[in-house]
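What follows is each chain in one-letter form.
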Amino acid sequence: LYRSLFEQAADYVLLLELGSDHIPVIVGLNEAAIRAHGYSREELLGKPISLLDPDLSPDITAERVRSLMTTGSAIFNVRHRKQDGSIIYAEAMVRPVRIGGKQLFLSVERDISERKKAEEELRRSEERYRDLFENAYDAICILDGKQNYLDVNRRAVELLGYRKEELLTMNVRDVIPPEQ
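Every value quoted in this text rests on a predicted model; they were computed, and no experiment measured them. (Residues numbered from 1 in each chain as written. Predicted model: local features only at pLDDT ≥ 70, side-chain atom pairs only at ≥ 80, totals over all residues. Heavy atoms only, no water.)

### Topic: the overall build of the protein chain
Next up, step 1: Helix and strand counts for the protein chain stand at eight helices and seven strands.
Next up, step 2: Seen through its C-alpha atoms, the protein chain measures out along the principal axes to roughly 85 × 35 × 35 Å.
Next up, step 3: Taking all 180 residues of the protein chain together, the buried fraction comes to 32%.
Next up, step 4: Pairs at least 24 residues apart make up 34% of the contacts formed inside the protein chain by residues separated by at least 6 positions.
Next up, step 5: By element, 53% of the accessible surface of the protein chain is carried by carbon and sulfur atoms, the whole surface being about 11,500 Å².
Next up, step 6: The averaged location of the 31 negative side-chain charges in the protein chain is 4 Å from the averaged location of its 26 positive side-chain charges. (Helix = DSSP H or I, 4+ residues; strand = E, 2+ residues; numbered from the N terminus. Buried < 20%, exposed > 50% of the residue type's maximum accessible area, 1.4 Å probe, protein only. Contact = heavy atoms within 4.5 Å. Areas by Shrake-Rupley, 256 points an atom, 1.4 Å probe, with all protein chains shown as cover. Lys, Arg positive; Asp, Glu negative; His and termini not counted. Charge placed at Lys NZ, Arg CZ, Asp CG, Glu CD.)

### Some remarks on the nonpolar core
Next up, step 1: Counting residues in hydrophobic clusters, the biggest one holds 24 residues, and the most contacted among them are Leu-14, Ile-26, Leu-29 and Ile-49.
Next up, step 2: Elements supplying a minimum of two residues to this core: strand S1 (12–18), strand S2 (24–29), helix H2 (31–37), helix H4 (58–71), strand S3 (74–81) and strand S4 (87–99).
Next up, step 3: Discounting residues that sit within four places of it in the chain, Ile-26 has contacts with Leu-14, Leu-15, Leu-16, Leu-44, Leu-45, Gly-46, Lys-47, Ile-49 and Leu-52.
Next up, step 4: Of all hydrophobic cores here, the second largest spans seven residues; its members include Val-152, Ala-156, Met-170 and Val-172. (Core = buried A, V, L, I, M, F, W, Y, C linked by side-chain atoms within 4.5 Å.)

### Observations concerning the packing of aromatic side chains
Two descriptors summarise a pair of aromatic rings, namely the distance from one centre to the other and the angle between the planes of the rings.
Next up, step 1: As enumerated under the stated definition, the model contains one aromatic pair in all.
Next up, step 2: Considering the side-chain rings of Tyr-129 and Phe-133, the 5.7 Å spacing of their centres and the 25° angle between planes classify their relative orientation as stacked. Here Tyr-129 and its partner Phe-133 are both found in helix H5 (residues 113–135), four residues apart, which amounts to about one turn of the helix.
Next up, step 3: Accessibility expressed as a relative area gives 4% for Phe-133, which makes it buried.
Next up, step 4: A cation over an aromatic ring shows up here: Arg-64 above the ring of Phe-76, its NZ or CZ 4.4 Å from the ring centre.
Next up, step 5: Here the basic side chain of Arg-155 rests over the ring of Tyr-137, its NZ or CZ set 4.9 Å away from the ring centre. (Phe/Tyr/Trp six-rings, centres within 6.5 Å; stacked < 30°, edge-to-face > 60°. Lys NZ or Arg CZ within 6 Å of the ring centre and 35° of its normal.)

Here it is in structure tokens:
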């Protein structure tokens, strides 16, 4: 039953054991992990996790193991390199487990590559917006429903004669004379 659950899980499941150099070694993995990474089971079993995780260093590993042994579980964002060289981003939920008298680590990993891609696109979009906003020739003021300044660009600061920090504490009525 447990073997079937392990193999049928949609998430990648890895069983890791600390090697003599304190780098985790893959001692078990499910079909989802094999398919996702493009290696055969034989190519991964007995290999250090650093084969998949190029960012893993002995220092990071030692810190993670300490954290796991102290807290009982942890979530890490990891970057795995597939056999073809492409990258998978995953959220790894790791916990120490004892199996057959051995101290192992169970890592259940969910692919977050699409989320990472969307976050990166959003970051680039925000940078473009910010660049357009700040470098526009026209003054741009963003107001709330009560006409309080929420944001202003450089041109608005130049034209209105206030520092940005001042404007963000003000209302339009503080800047524009009542007759206008």
